[in-house]
Amino acid sequence: MIVAAFPGQGSQSPGFLNPWLELDGARERLEAASDAARVDLVAAGTEWDADRIRDTQVAQPLIVAASLVSYEALVSRAGTPGGVAGHSVGEIGALVAAGVVGFDDGMRLVGDRGRAMAEAAAQAETGMSAVVGGVEEQVLQAIADAGLEPANYNGGGQIVAAGSMEGLAALAENAPRGARVIALQVAGAFHTSYMAPATGALQAAADAIPSVSDPVLPLWTNSDGTTVATGARALELIVHQVSHPVRWDLCMTSFLDAEIAGLVELAPAGALTGLAKRGLKGVPAVAVKTPDDLDAAAALLA
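Rules used throughout
- Residues numbered from 1 in each chain as written.
- Predicted model: local features only at pLDDT ≥ 70, side-chain atom pairs only at ≥ 80, totals over all residues.
- Heavy atoms only, no water.
- Helix = DSSP H or I, 4+ residues; strand = E, 2+ residues; numbered from the N terminus.
- Buried < 20%, exposed > 50% of the residue type's maximum accessible area, 1.4 Å probe, protein only.
- Polar contact = N/O pair within 3.5 Å; in protein donor to acceptor, adjacent residues only side chain to side chain.
- Contact = heavy atoms within 4.5 Å.
- Salt bridge = Lys/Arg side-chain N within 4 Å of Asp/Glu carboxyl O.
- Pairing = 2+ DSSP bridges.
- Axes fitted to C-alpha atoms, helices over the stretch in contact; angles between N-to-C directions.

**Here we look at the side chain of Ser243**
1) Next: Here Ser243 lies in the loop between α10 (231-241) and α11 (248-257).
2) Next: Assessed through its relative accessible area of 16%, Ser243 is described here as buried.
3) Next: Looking at Ser243, its side chain comes within polar contact range of the side chain of His244, at 3.3 Å.
4) Next: Beyond its immediate chain neighbours, meaning those up to four positions away, Ser243 contacts His191, Thr192, Ser193, Met195, Ala196 and Thr199.

Below is the structure:
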């Protein structure tokens, strides 16, 4: 089994969509995604600067649209993967790939998610920092001591802390033994209690989706690393994960238990294949950053 992995927020970079627009039909697909999400994703991915695409309500639909365009290009070359999973907002791309919701409905959902989370983030000045290395118990204690919450358990010795900027500064000054604290370029304390105000709007957006189906592929959830059997449950967990930690570590454990033969990370790729090097040792992984990477991904999928 080859798993297609959809990346989360922070993976984007200025101009990363330019090479994808050279693919037949990609511009039209991205324009449709823009209409559904109510964001000019073509301009965002080709012209806008790093600060502008860091905005949550831009970054989230931009990443999901790019990952779906690259997924469709991969499937057209090599067929459907054995399963799908997404990190944070990437789970919405995975839902579309698994047939739970349609492309337009998925893009409407991620547009609403981005706006709701941006509004929640605006209520307090917060951020996120990756803690790399150290002993997990000591890392979690240091996060708690700084008045922060663990937002992402990424596996491979990485936990992301989130909360107030003062707390993040205190954590950086008192890093756990053997660990590094790296500030992340995101605009809020995602996957923590700070995001609770976003859940109502996201639930309303999920409830408004006219057609929801059960997954046609194995679909792993960030909630606890298990596979999701029904579309209704998948959407329920999409709402839940906004204010609860991402458990990518448990997803990778499940990948190993399923004896997957490889992992393909879709555009804008890099972060999840980096985690796979530490958490999925011995499992080949391909990062699809540009269309030039599709041949290697197709070869792995084949």
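**Some words on the side chain of Thr221**
1) Next: Here Thr221 shows up in the loop between β7 (219-220) and α10.
2) Next: Non-local contacts of Thr221, meaning those with residues more than four positions away in its chain, are made with Glu91, Thr226, Val228, Leu237 and Cys251.

**Concerning the pattern of salt bridges**
1) Next: According to the stated counting rule, one finds seven salt bridges in the structure shown.
2) Next: Across the salt bridge formed by Asp112 and Arg38, the nearest N and O atoms sit 3.7 Å from each other. On the criterion of sequence distance, the pair formed by Asp112 in helix α6 (residues 103-121) and Arg38 in the loop between α1 (26-37) and α2 (41-46) is long-range, its members being 74 residues apart.
3) Next: According to the relative accessible area criterion, Asp112 is partly exposed, its value standing at 27%.
4) Next: Among the charged side chains, a salt-bridge network with shared partners connects Arg38, Asp112 and Arg115.

**Re the sheet that holds strand β2 (residues 83-86)**
1) Next: Within the open sheet, the five strands sit side by side as β7-β2-β1-β8-β9. Their pairing is parallel. The sheet is open, and its two edges are formed by β7 and β9 (285-287), each paired on a single side.
2) Next: Taken together, the four bridges between strand β1 (residues 2-6) and strand β8 (residues 262-265) define a ladder with parallel strand orientation. In the sheet register, Ile2 faces β8, and the bridge partner there is Gly262.
3) Next: Each of β1, β8 and β9 is contacted by helix α13 (residues 294-301), which is oriented at about 150 degrees to β8, the strand it contacts most.

**Some remarks on the environment of Gln60**
1) Next: With respect to the secondary-structure elements, Gln60 resides in helix α4 (residues 56-78).
2) Next: Sequence separation of Gln60 and Asp112 is 52 residues, and the distance between their C-alpha atoms is 9.7 Å.
3) Next: The contact partners of Gln60, leaving out residues within four places of it in the chain, are Gln9, Val89, Val110, Arg113, Gly114 and Met117.
4) Next: From its side chain, Gln60 meets the backbone nitrogen of Gly114 in a polar contact 3.4 Å long.

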